[in-house]
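The residues making up each chain are set out below.
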Amino acid sequence: MSRHVLDDRMIAGLHLVALRTSGHDHDVAHAHVAAQVGTIGSLLDANYDGSMTLSELVARGDLGIGTTNGLGGELLVVDGAVFLADADGVISIPQFSETTPFAVVCPEDPFTQFSASGTRSDLEARMSNEGSGRSVLGIRIEGTFDVVSLRSVERQTKPYPPLAEAVKDQHMFSCENVVGTIVGFCFPDALAGIEVPGFHLHFINAERSRGGHVMEYVLRQGTVSLTEVDDLHVELPAGVDLGIPGEGDRATIRAVEGGK
Ligand SMILES: [Zn+2]
């Protein structure tokens, strides 16, 4: 399987490598390396056709988020297990042969764990402080939440509409007094367009029955684990370009994905 390095540089303390691959099956997880499929910019442009299987994805990391082929919902990788929240937040376990057009995973290897409680902004401030000086954070929050406000998206059919159109039909729902897990990442603003700048988190309850993309939350009591990522390997499907890091359309990304 050949791999072509399209871009290799340092951005905001992060080693960014963009790769064009004709096969992914020989790559494996490496400590502090996050593997990403596609870019948020390519997703905004309606590139929803999957290019990497979920089995290839989880070979690269046991913690992560994304979506599936055709924008099939909100994907989570927790302890190497894969879950998909459909448009109504109902969780299923996708086949490992299912593909993804956009996802990011890393091996979970926390440099810090701490007890916490509070609102989303409280937690984001605390995580930013604890992760100060590190370019990318892999995030896991285990605990009891007073409320988690979620959204998920409808599976799309061709011709695919741009993401800003697709999310107009997004479903909003919430879980209250719920025990569960949040996983995701915080990426620097300098990567806007490749990734969602700021915090991008997905939730699943302890019963593994409900979940989605996190809009707001209040953590009653829980434990936060932060993993440092210092390399990002972006695997670009055919026809998808990296774009110019930091030049993403922040307003549209914020409108469709949140983040800062
Ligand atoms: Zn999301």
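Before any of the text, the structure's been laid out above.
What you are looking at is a predicted structure, and each value in this text was computed from that prediction instead of being measured.

## Some details on the overall build of the chain
And step 1. When helices and strands are tallied, the chain shows five helices and 16 strands.
And step 2. Relative to its length of 260 residues, the chain is compact, with a C-alpha radius of gyration of 17 Å against a globular reference of 18 Å.
And step 3. Its C-alpha atoms give the chain principal-axis dimensions of about 50 × 40 × 35 Å.
And step 4. Taking all 260 residues of the chain together, 45% fall into the buried category.
And step 5. The contacts in the chain between residues at least 6 apart in sequence include a share of 78% that link residues at least 24 apart.

## Re the environment of Val 77
And step 1. For Val 77, the location among the structural elements is in strand β6 (residues 74-78).
And step 2. With 23 residues separating them along the chain, Val 77 and Leu 54 place their C-alpha atoms 9.6 Å apart.
And step 3. Beyond its immediate chain neighbours, meaning those up to four positions away, Val 77 contacts Val 58, Gly 61, Asp 62, Leu 63, Gly 64, Val 82 and Val 105.

## A look at the sheet that holds strand β7 (residues 81-85)
And step 1. Strands sit in the order β1-β2-β16-β3-β10-β5-β6-β7-β8 across an open sheet of nine strands; the sheet is mixed. The two strands at the open ends of the sheet, each matched to only one other strand, are β1 (3-11) and β8 (91-92).
And step 2. The pairing of strand β2 (residues 14-21) with strand β16 (residues 231-236) spans six bridges and is classified as parallel. The residue of β16 that forms the bridge with Val 17 is His 233.

## Some remarks on the nonpolar core
And step 1. Of all hydrophobic cores here, the largest spans 68 residues; its most connected members are Ala 34, Leu 76, Ala 103, Val 105, Val 136, Ile 139 and Cys 186.
And step 2. Considering each element in turn, this core owes the most residues, seven residues, to strand β12 (residues 136-152).
And step 3. In contact with Leu 76, not counting residues within four places along its chain, are Ile 65, Phe 83, Val 183, His 202, Ile 204 and Gly 211.

## Some words on the environment of Val 5
And step 1. Inspection of the secondary structure puts Val 5 in strand β1.
And step 2. Distance from Val 5 to Thr 21, taken between C-alpha atoms, is 8.8 Å for residues 16 residues apart in sequence.
And step 3. Leaving out residues up to four positions away in the same chain, Val 5 has contacts with Val 17 and Leu 19.

Reading the values: rules and limits
Residues numbered from 1 in each chain as written. Predicted model: local features only at pLDDT ≥ 70, side-chain atom pairs only at ≥ 80, totals over all residues. Helix = DSSP H or I, 4+ residues; strand = E, 2+ residues; numbered from the N terminus. Rg over C-alpha atoms; globule rule 2.2 N^0.38 Å. Buried ≥ 20, exposed ≤ 12 C-beta atoms within 10 Å, placed from the backbone. Contact = placed C-beta atoms within 7 Å. Pairing = 2+ DSSP bridges. Core = buried A, V, L, I, M, F, W, Y, C linked by C-beta atoms within 7 Å.

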